[in-house]
Amino acid sequence: MGPKVKKSGSKKKKITKAERLKQLQEEEEKRQKEEEEARVKHEKEEMERLEIQRTEKEKWRKLEAKALERSNEELEELYLLERCFPEAEKLKREKRLLSQWKHYIQCDGSPDPSISQEINTFISLWKEETNETFEAVIAKSKLVLNLIERLKLILLETPPYDLQDKNIAQYQGSILELRELLHLKFNIATEILLRQASTLADLDSGNMEKVIQDENVTLYVWANLKKNPRYRSVRFSETQIGFEIPRILATSDIALRLLHTHYDHVTPLRPVPAASQENTSTVTPVVKGEVKSVETAISKNLQEERKQQENESHSVHEEETEVMEEQDDTERQTEEPEATKCDLEMKLLSETVSAAQMLLLENASEKPYSFEDPEVDLYQFTTLGGVYHLDILELPPQCKPVKGWMIVEILKEGLQKYVYPPETTEDFEMENAFPPIEVMLKVHENVIFFEAPMVARWDAEGKHWKTDGISNVSYQPEDRLITFSLETFGPVTLIQDAHVNMPYQSWELRPLDVNKVLLTVTTVFTEIQIQVKENLCMLASIKLNNKRHSSALEEKWMSPVSFIIALKEAGLNIFPTGHSHFYVVTNYKKKGRKKGQEQKSGVLSNLIFPKRVSLQYDLHVNEWSTTPAASFGRNESLSTNGPAKFRFCIWLEQVEYRM
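Residues numbered from 1 in each chain as written. Predicted model: local features only at pLDDT ≥ 70, side-chain atom pairs only at ≥ 80, totals over all residues. Heavy atoms only, no water.

- Looking at an unreviewed UniProt entry, one finds the chain named Dynein axonemal intermediate chain 7 and attributed to Vicugna pacos.
- Under the UniProt heading Sequence similarities (unreviewed entry), the entry covering the chain gives this text: "Belongs to the DNAI7 family." (UniProt positions renumbered as here; feature names shortened; annotations may be inferred.)

Next up, the structure:
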C-alpha cells in the first residue's frame, strides 16, 4: 500500500489579531460614516422643514397683517349694517302702508284683497253675474289674477312677526275662493259657447272648432257634430296641437276642450310658517351660551399665550426652531395693543358665527314626507308652463232658431264631463275598445326646459300630481311640441327638476356703481346675469350653451320677491330652499374641523371678501350659509374694482318662498 495523501483545505487559515482589529476598525469607520451621512441628511431635512415652516409662518403673518389692517373698517361696516336692518324693516313697512294708501286714493273699483269685506263683496257680486261670454271672463280674469298675486306677495313680503294666524288663513282662503270661482266661470263660459256649436260649425268638416288666445289663457274647443267614425285626427287650425281619438269617441256626442292656463291654480298652496318667535326664543339662549363660552375660551387662550411668550422670552434656545419661535414671540410682543384687540374681536366674531351656523345645521329641516313612486315630489320638481286642462265634455243641447228667436234647453246640472273610459266595460266586446288618447301640446314660449320635460297628471282624490297613466312621451325641442298618450283626461302639467341648475359652477358679484351691483351665476346649462340697485333687481342677460337667449323678463325692474317668482316660473330656478340639500349632492364643510383651519379660513375669507358683503343671504332665503345648501355655490369670486362701496345686504332681504 502506498503512502496516505493529505487532504488539502481541511484546516482553515487562522485570522491574526492584527487582521481582526483592522476588520473591526473598518466596520467602525463604515458605521460612523453612515451615521454621519444620516445626521447630515437629517439636518438638511430639518433645515428644509424649518425653512418651509418659516416661509409658511411669514406668509400667514402677512395675511393676518392685511386682515388686521381692514378689521376696523369691516367692524364699522358690520355695525352699520346692523343699524341699517331696522331702518330697512321700517322702510318696507312704510312702503306697504303707502301701497295701501295709493290703492285707496285710486278709486278704480278694484277691491283691496287684504280686507276681507271687500274681497268677499267682490266674490259675491261676480257669482251673481250670469251669461258671461268667454271673452268677458278672460277680461275679468286679469283683475282676479292680479288680486291673487297681491295676496301672495302679502304673504311673502310681510315679516312673520307681522302675520297673525287668522290673517294667513284669511289670505289663503281668499286665494282658494278666487281660484275656484275663476275656473267655474271658465266652465260656464265654455257651456255657453258649446250651446252655439251648430251655428259655429266649419263648412268643410261640419264640426265646430274654436281657438281663443290671451296672454294668460288659451282655449281650444272642438265639438263632434257630424260623428264621422273616420274623422279621428283632431288638429286645431294653424297649429299642430290636437288629439288622436279612438273610434268610440269619434261616434259620440262629445266635445273636446283644452284650456291652457299659463298659471298653476291646481297645485295646493304650501303652508306658511307661523311667526318664528318660539324658535327665536329657543335658539337665542343657546347661541348666547355658545358666544359666552367662546369668549371665555378665547380669553383663556390669550392669557396662556401671553404667559407662554413671557416664559419663552427668558429662556435660552439652542435649536434653530426654538430661536425662530423666540423671534416670532418677540415680534408678537412688539405689536400694538390695538392689533391684539382687533385680533381678539375677529376671533370672537368668527367663532360666534361658526357656533350659530353649526347650531342651525343641527336644526336643519327634515324631509317632511316620503313620496311614493308615481307621486311627484314638489320639493324636488316644479311645474312649468302652467296647466293644461284636458276634458271630454258631453255636448249640451244646441240652439234652435224659431221665428226669429233662439230657443235653447238649459240643463240644470250644467256642463257635464264624459266619462272615458266608462266605469263598466262589460257591454263592449272589443278588448281594446278604450285605448289611450294621443295628445299633442305646445310648450309655453316663455318657459325654458334644460332637459326633456316630464308629464304629470293631477290626481283629484289624492290631491297631488302623478306620473302614472302616461306613456309614449316624445319631445321636439325645435318645435317645442310634446306628444304623449293619456289613459284618462284631466289636468296635465310639465315638470322639471327644481335643482337642475344646482350646484353652481361659479358665481361672481361685481359692483357697477353706488348701490348697484351685477351678479353672475354660472351653472352647467346657463349663465344668468342679474342687476341689483337699491331694492329692485332685473334680469340682464341669459346664455344657453354659450349663446345669448332672449327672455320676456329682461330689462324689467322688479321687487326681489316678484323677481324670484318670475325666474322660477320661467324655469330659471337658481334659488335653493330649506329642503334642497336632500336633492343636491354637495361637499359641505365638516363639523369637526381643526381650530387652526378655522382661523386660516377666516383670514382667507376676509381677503377674498374685503368689503365683508354678507353673501350668506342668497336671493331667496337667509339659509344659504346656515344649511348644508351652503356649498351650492363653488369657485366664488368677488370683483372689487368697482367705483364705489355698496350696501348689498339691504337688498338681500330675508324672504322665504312659502307658496
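Here the narrative resumes.
1. Focus: the pattern of salt bridges
Close approach of charged atoms allows side chains with opposite charge to pair.
Alright, step 1. Counted under the stated rule, the structure contains 24 salt bridges.
Alright, step 2. The salt bridge involving Lys 185 is made with Glu 132; its shortest N-O contact spans 3.2 Å. Linking Lys 185 in helix α4 (residues 165-195) with Glu 132 in the loop between α2 (116-128) and α3 (134-157), this pair joins segments that are 53 residues apart in sequence. Considered together, Lys 185 and Glu 132 belong to a single accessibility category, that of buried residues.
Alright, step 3. Notably, a salt bridge pairs Asp 459 with Lys 466, separated by 4.0 Å at the nearest N-O pair. (Salt bridge = Lys/Arg side-chain N within 4 Å of Asp/Glu carboxyl O. Helix = DSSP H or I, 4+ residues; strand = E, 2+ residues; numbered from the N terminus. Buried < 20%, exposed > 50% of the residue type's maximum accessible area, 1.4 Å probe, protein only.)

2. Brief notes about the packing of aromatic side chains
Alright, step 1. A full pass over the atoms with the stated rule returns eleven aromatic pairs.
Alright, step 2. Consider the rings of Phe 582 and Tyr 583, whose centres lie 6.5 Å apart with planes at 70°: the pair is edge-to-face.
Alright, step 3. On the accessibility criterion, Tyr 583 (18% relative accessible area) is buried.
Alright, step 4. The rings of Tyr 220, Phe 236, Phe 243 and Phe 489 are connected pair by pair, giving a single aromatic cluster.
Alright, step 5. Stacked on the ring of Tyr 379, the Lys or Arg Arg 270 has its end atom at 4.9 Å from the ring centre.
Alright, step 6. Of note, Lys 533 hangs over the ring of Trp 557, and the distance from its end group to the ring centre comes to 4.4 Å. (Phe/Tyr/Trp six-rings, centres within 6.5 Å; stacked < 30°, edge-to-face > 60°. Lys NZ or Arg CZ within 6 Å of the ring centre and 35° of its normal.)

3. Describing the packing of α2 against α3
Alright, step 1. In contact at an axis separation of 13 Å, α2 and α3 are set at 155° when each is read in the N-to-C sense. Judged by the inter-axis angle, α2 sits roughly antiparallel to α3. Between α2 and α3 lies a crossing whose hand is left-handed. Taken together, the residues of α3 that come into contact with α2 (itself represented by Ile 119, Phe 122 and Trp 126) are Lys 140, Leu 143, Val 144 and Leu 147.
Alright, step 2. Across the contact of α2 with α3, the residue classes break down as six nonpolar, no polar and one charged. (Axes fitted to C-alpha atoms, helices over the stretch in contact; angles between N-to-C directions. Parallel < 35°, antiparallel > 145°, perpendicular 65-115°, else oblique. Left-handed = near helix turned anticlockwise from the far one by under 90°. Contact = heavy atoms within 4.5 Å. Nonpolar A, V, L, I, M, F, W, Y, C, P; charged D, E, K, R; others polar.)

4. Some thoughts on helix α1 (residues 17-106)
Alright, step 1. In this model, α1 (90 residues) spans 123 Å end to end at C-alpha, consistent with the 134 Å of a helix rising 1.5 Å per residue.
Alright, step 2. Ser 71 marks where α1 bends most, by close to 45°.
Alright, step 3. Following α1 by one or two positions, Cys 107 has its phi on the positive side, about 55°. (Expected span 1.5 Å × (residues − 1). Bend = angle between axes of the 7 residues up to and from the residue.)

5. A word on the nonpolar core
Alright, step 1. In this structure, Phe 134, Leu 178 and Phe 186 are the most contacted members of the largest nonpolar core, which totals 38 residues.
Alright, step 2. At the level of elements, α2, α3, α4, β1 (208-213), β2 (217-223) and β5 (254-261) are the ones that each hand at least two residues to this core.
Alright, step 3. Examining the composition of this core, we find that ten residues originate from one element, α4, more than from any other.
Alright, step 4. Of all hydrophobic cores here, the second largest spans 34 residues; its members include Leu 256, Leu 384, Tyr 420 and Ala 433. (Core = buried A, V, L, I, M, F, W, Y, C linked by side-chain atoms within 4.5 Å.)

6. With respect to the pairing of strand β12 (residues 470-476)
Alright, step 1. With five bridges joining them, β12 and strand β13 (residues 481-486) adopt antiparallel strand pairing. Residue pairing for β13: Gln 476 is matched across the bridge by Leu 481.
Alright, step 2. Counting the residues in the hairpin turn of β12 and β13 gives four residues, including Arg 480, whose phi is positive at 55°. (Pairing = 2+ DSSP bridges.)

7. Describing the sheet that holds β1
Alright, step 1. The antiparallel open sheet is built from seven strands, whose spatial order is β1-β2-β5-β6-β14-β10-β11. Two strands in the sheet have a free side with no partner beyond their single neighbour: β1 and β11 (464-466). Neighbour to neighbour, the strand axes of the sheet diverge by 25° on average, direction disregarded.
Alright, step 2. Direction of pairing for β2 relative to β5: antiparallel, over a ladder of seven bridges. Directly across from Ala 223, in β5, lies its bridge partner Ala 255.
Alright, step 3. α3 contacts β1, β2 and β5 of the sheet and is inclined by roughly 20° relative to β1.
Alright, step 4. Running at roughly 140° to β5, α4 makes contact with β1, β2, β5 and β6 (381-394) of the sheet.

8. Structural notes on unusual backbone geometry
Excluding glycine, most residues fall at negative phi; most peptide bonds, likewise, are trans.
Alright, step 1. For the peptide bond that leads from Tyr 420 to Pro 421, omega is -10°, which places it in the cis range.
Alright, step 2. Of note, Pro 421 is situated in the loop between β8 (405-407) and β9 (437-442).
Alright, step 3. Omega for the bond connecting Met 502 with Pro 503 falls within 30 degrees of zero, at 0°, which places this linkage in the cis form.
Alright, step 4. Phi at Asn 472 is positive, roughly 55°, even though this residue is not glycine.
Alright, step 5. Among the structural elements, Asn 472 can be located in strand β12.
Alright, step 6. Backbone geometry at Glu 534 places phi at a positive 50°, although glycine is not the residue there.
Alright, step 7. Along the chain, Glu 534 falls in the loop between β17 (526-533) and β18 (536-544).
Alright, step 8. Assessed through its relative accessible area of 51%, Glu 534 is described here as exposed.

9. Structural notes on the environment of Glu 46
Alright, step 1. By the secondary structure assignment, Glu 46 is in helix α1.
Alright, step 2. Here Glu 46 falls in the partly exposed class, since its relative accessible area comes to 24%.
Alright, step 3. Polar side-chain contacts of Glu 46 include one of 2.3 Å to the side chain of Arg 49. (Polar contact = N/O pair within 3.5 Å; in protein donor to acceptor, adjacent residues only side chain to side chain.)

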